[in-house]
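Structural features, examined
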Amino acid sequence: MFHDGFLNFLMIVIMFIFGYGIYKIYFKTVVLFEYEKGIVYKNGEHIKTLGPGKHKIIGKNKTFKKMDIRRRVLNVKPQELPSSDGIGVKVSMVVKYQINDPVMALHNTQSYEDELYSSIQIALRGVISTTEIDNILTERSLFGEKLTAQIAEEVSQFGIKLISADIKDIVIPGDFKKMFAQSVKARKEANAALERARGETAAMRSLANAAKMAESNPNLLYLRIIQMLGESEGNTVSLNLERADKAPIESKG
């Protein structure tokens, strides 16, 4: 009796293990979060892409791969690049991107991140090498727009959506940094001198116009003096204005 009972128990255990093994081979349960996509293959061939939720993958020879599609940040390390006027600058960048098509990202390249990194470096070298150092320092914010527009289409073939590519830091040689600071100072002083000259020219033009008006109508000078006296106090001035009775006009303040 004991022997038969043990054999029955052993048979049940063996059947359970066998059944569990069959279940693991043919039935898989996976859970995907909102920021994930699931790519399902059968015998190495892509058959479908799964969205968020709980899924059962039924069948033999099927494999499954998760892909995080949240926005990512890629820091491009500083690289020394020559400007169009031969000045070496070290430029670093920060790139924001997102996996737009997980299947393309997995199938079209061995490493989509390496492809993006290389594309950024090559594009950055092209932009810096065709730009003078003054423009690099003063128009750095425009480079991000240029690079984004230039690279976006290229990296889209790897399933990548390029969000932004911005210059992070620009490092120039110490000697040139001093020269650039002096150039900026001289430019500001020149602009200030130009503004002063424009102001003086305008003032002289106004005086010349006033002189012509006074020459053609001398009484305007007296009217201007009376206006000024009306704005002040404590003055007594006699003006020799010609009237019908030939008496001077006296103004008391």
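The model shown is predicted, which means the values in this text are computed figures rather than measured ones.

1. Considering the overall build of the protein
A count of helices and strands for the protein gives seven helices and 10 strands. When the 253 residues of the protein are sorted by exposure, 25% land in the buried category. Across the protein, contacts joining residues at least 24 apart in sequence account for 62% of those joining residues at least 6 apart. Total accessible area computed for the protein in this model is approximately 17600 Å², and 56% of it derives from carbon and sulfur atoms.

2. Brief notes about helix α3 (residues 112-129)
For an α-helix, the turn length of 3.6 residues means that residues three or four places apart are oriented alike. For α3, with 18 residues, the first-to-last C-alpha span of 26 Å sits near the 26 Å given by 1.5 Å per residue. For α3, the full list of buried residues reads Tyr112, Leu116, Ser119, Ile120, Ala123, Leu124, Val127 and Ile128. Summarising the axial view, the buried residues of α3 lie within an arc of 155°, below the 170-degree limit, and thus occupy one face. Of the residues in α3, the exposed ones pointing more than 90 degrees away from the buried face are Asp114 and Ile122.

3. Some points on the environment of Leu147
Mapped onto the fold, Leu147 is located in helix α5 (residues 140-156). Along the primary structure Leu147 and Leu124 are separated by 23 residues, whereas in three dimensions their C-alpha atoms are 7.0 Å apart. Ignoring any residue separated from it by four or fewer positions in sequence, one finds Leu147 in contact with Met93, Ala123, Leu124, Val127 and Ala165.

4. Notes on the sheet that holds strand β7 (residues 88-99)
Here three strands make up an open sheet; going across it, the order is β6-β7-β8 and the pairing antiparallel. Each having just a single partner strand, β6 (72-82) and β8 (160-171) make up the two edges of the open sheet. Ignoring strand direction, the axes of neighbouring strands in this sheet form an average angle of 20°. For β7 and β8, the ladder comprises 10 bridges, and the chain directions are antiparallel. Each bridged residue has a counterpart across the sheet, and for Tyr97 the counterpart in β8 is Leu162. The strands touched by α3 within the sheet are β6, β7 and β8, with β6 carrying the most contacts at an inclination of about 35°.

5. Re the pattern of salt bridges
Two side chains that carry opposite charge are able to pair once their charged atoms sit near each other. Taken as a whole, this structure holds one salt bridge when the rule is applied. With a closest N to O distance of 2.7 Å, Asp68 and Arg70 form a salt bridge. Its relative accessible area of 25% is what places Asp68 among the partly exposed residues.

6. What about the environment of Ser119?
Within the fold, Ser119 resides in helix α3. For the pair Ser119 and Glu154, spaced 35 residues apart in the sequence, the C-alpha separation amounts to 8.0 Å. In this structure Ser119 touches Ile151, Glu154 and Val155, once residues within four positions along its chain are discounted.

7. Comments concerning the packing of aromatic side chains
Considering all chains together, one arrives at one aromatic pair under this definition. Seen from their ring centres, Phe33 and Tyr35 are 5.8 Å apart, and the 5° between their planes marks the pair as stacked. Owing to a relative accessible area of 30%, Tyr35 belongs among the partly exposed residues under this scheme.

8. A short note on the sheet that holds strand β5 (residues 62-68)
Backbone-to-backbone hydrogen bonds pair the strands of a sheet. The strands run either parallel or antiparallel. Overall, antiparallel pairing links the three strands, which are arranged β3-β2-β5 in an open sheet. Each of the sheet's edge strands pairs with one partner strand only, and the pair in question is β3 (45-50) and β5. The average angle at which neighbouring strand axes cross in this sheet is 25°, direction not considered. Relative to β3, strand β2 (residues 36-42) runs antiparallel, the two sharing five bridges. From the neighbouring strand, Val40 faces β3, where its bridge partner is Lys48.

Reading the values: rules and limits
- Residues numbered from 1 in each chain as written.
- Predicted model: local features only at pLDDT ≥ 70, side-chain atom pairs only at ≥ 80, totals over all residues.
- Heavy atoms only, no water.
- Helix = DSSP H or I, 4+ residues; strand = E, 2+ residues; numbered from the N terminus.
- Buried < 20%, exposed > 50% of the residue type's maximum accessible area, 1.4 Å probe, protein only.
- Contact = heavy atoms within 4.5 Å.
- Areas by Shrake-Rupley, 256 points an atom, 1.4 Å probe, with all protein chains shown as cover.
- Expected span 1.5 Å × (residues − 1).
- Arc of directions from axis to C-beta.
- Pairing = 2+ DSSP bridges.
- Axes fitted to C-alpha atoms, helices over the stretch in contact; angles between N-to-C directions.
- Salt bridge = Lys/Arg side-chain N within 4 Å of Asp/Glu carboxyl O.
- Phe/Tyr/Trp six-rings, centres within 6.5 Å; stacked < 30°, edge-to-face > 60°.

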